[in-house]
Amino acid sequence: MVFIRDPCGIACLVMTYGAVLYADYVVIRWIILTTMPGSIWTSFHVVLFNTVVFLLGMSHTKAVFSDPGIVPLPANRLDFSDLHTTSKNNPAGNGHSSEWTVCTRCETYRPPRAHHCRICKRCIRRMDHHCPWINNCVGERNQKYFLQFLIYVAILSLYSLGLIVASWVSPCEECNQNVIESQLRITVVCTFLCRIHSVILMLVSALFGLFVTAIMVDQLHAILYDETAVEAIQQKGTYRPNRRKYQLLADVFGRGHPALWLLPCTSLNHASRYHDTPLLSHDV
């Protein structure tokens, strides 16, 4: 288990869980139970909405605490005094190097496509970027969970917006009749609170929905074109240009059926390909 003690990342974690819990509270208490009392749709939406919240929480937790692909440190201090630079002698033909390199900060060898994160203070395999919203790097081993988190946030945002619009377009007529008969003052206050919560949730859902959609598109582009954000900044180009798009997606989500790619769990085939290559398995 990995947890980065970064104040900014921890603050973003609190904001993320706070926003999700607030959305769940408003949707259940002020939208579904208020506008659909006694309806069969009440149970349906409560179960479905909380299922999405559960999957979102699971994928986010896995992305936060999973090892993103940290390059292990050597047991003994390595001697780099006779190191000869070979990274530029055998290029892969597209700006990438197939050779291991040396990280002067970690003082260890690192495999191709690994980069040092100044926040995690370690080298990460196939590092894309450090995301404060998961307080972790997005790398080889947790990119799947990060993308799942983005997908479920987008679904939850759309779901919340749909329920809010539906509650405004089709208000509960039976509730209005009960208001006229009795408890007028209490219901007016409840209606006011319901509208305030709905407006706040609508703004939060719209902002978060647009934000995560943009990141999700960027992540899918990075996967399908096999170029991380770090590599894009360095203008190295596609790492494996001849690899099929489906195979690139399977490298991230696992070799199981595509219908299972959205489940926040590790498949056996997906886990078996992760192994720590010996640090001295290359020529220096």
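Residues numbered from 1 in each chain as written. Predicted model: local features only at pLDDT ≥ 70, side-chain atom pairs only at ≥ 80, totals over all residues. Heavy atoms only, no water.

**Here we look at helix α1 (residues 7-35)**
One turn of the α-helix equals 3.6 residues, which is why residues spaced by three or four share an orientation.
Part 1 of the reasoning: With 29 residues, α1 extends 40 Å from end C-alpha to end C-alpha; this agrees with the ideal 42 Å at 1.5 Å per step.
Part 2 of the reasoning: Valine 27 marks where α1 bends most, by close to 30°. (Helix = DSSP H or I, 4+ residues; strand = E, 2+ residues; numbered from the N terminus. Expected span 1.5 Å × (residues − 1). Bend = angle between axes of the 7 residues up to and from the residue.)

**Description of the packing of aromatic side chains**
Part 1 of the reasoning: Counted under the stated rule, the structure contains seven aromatic pairs.
Part 2 of the reasoning: On the basis of an interplanar angle of 85° and a centroid distance of 5.5 Å, the ring pair of tryptophan 41 and phenylalanine 44 is categorised as edge-to-face. Taken as a pair, tryptophan 41 and phenylalanine 44 lie in helix α2 (residues 40-65) at a separation of three residues, close to a single helical turn.
Part 3 of the reasoning: Taken together, the aromatic side chains of Trp133, Phe208 and Phe211 make up a single cluster linked through ring pairs.
Part 4 of the reasoning: The ring of tryptophan 30 is capped by arginine 29, whose NZ or CZ atom sits 4.2 Å from the centre of that ring.
Part 5 of the reasoning: A cation sits over an aromatic face here: lysine 245 above tyrosine 225, 4.2 Å from the ring centre. (Phe/Tyr/Trp six-rings, centres within 6.5 Å; stacked < 30°, edge-to-face > 60°. Lys NZ or Arg CZ within 6 Å of the ring centre and 35° of its normal.)

**Some words on the confidence of the model for the chain**
Part 1 of the reasoning: Here the chain averages 82 in pLDDT, while 79% of its residues score no lower than 70.
Part 2 of the reasoning: When the criterion is pLDDT under 50, residues 178-186 qualifies, and its contacts beyond four places in sequence or with other chains add up to two contacts. (pLDDT = per-residue confidence, 0-100. Contact = heavy atoms within 4.5 Å.)

**With respect to the nonpolar core**
Part 1 of the reasoning: With 44 residues, the main nonpolar core has Leu150 and Leu163 as its most contacted residues.
Part 2 of the reasoning: Residue assignment for this core shows that the elements contributing at least two residues are α1, α2, α3 (143-169), α5 (184-224) and α7 (245-253).
Part 3 of the reasoning: When residues in this core are grouped by element, the largest group, 13 residues, is from α3.
Part 4 of the reasoning: The residues touching leucine 150, leaving out its near neighbours within four places in the chain, are Val212, Ile215, Met216 and Gln219.
Part 5 of the reasoning: By size, the runner-up hydrophobic cluster in this structure holds eight residues, among which are Ile70, Cys117, Ile124 and Cys137. (Core = buried A, V, L, I, M, F, W, Y, C linked by side-chain atoms within 4.5 Å. Buried < 20%, exposed > 50% of the residue type's maximum accessible area, 1.4 Å probe, protein only.)

**Let's talk about the packing of α2 against α3**
Part 1 of the reasoning: Between α2 and α3, whose axes approach to 8 Å, the crossing angle comes to 155°. As judged from the angle between their axes, α2 and α3 are roughly antiparallel. As α2 runs across α3, the sense of the crossing is left-handed. Contacts between α2 and α3 involve His45, Leu48, Phe49, Val52, Val53, Leu55, Leu56, Ser59, His60, Lys62 and Ala63 from the former and Tyr145, Phe146, Gln148, Phe149, Tyr152, Val153, Ile155, Leu156, Tyr159, Ser160 and Leu163 from the latter. (Axes fitted to C-alpha atoms, helices over the stretch in contact; angles between N-to-C directions. Parallel < 35°, antiparallel > 145°, perpendicular 65-115°, else oblique. Left-handed = near helix turned anticlockwise from the far one by under 90°.)

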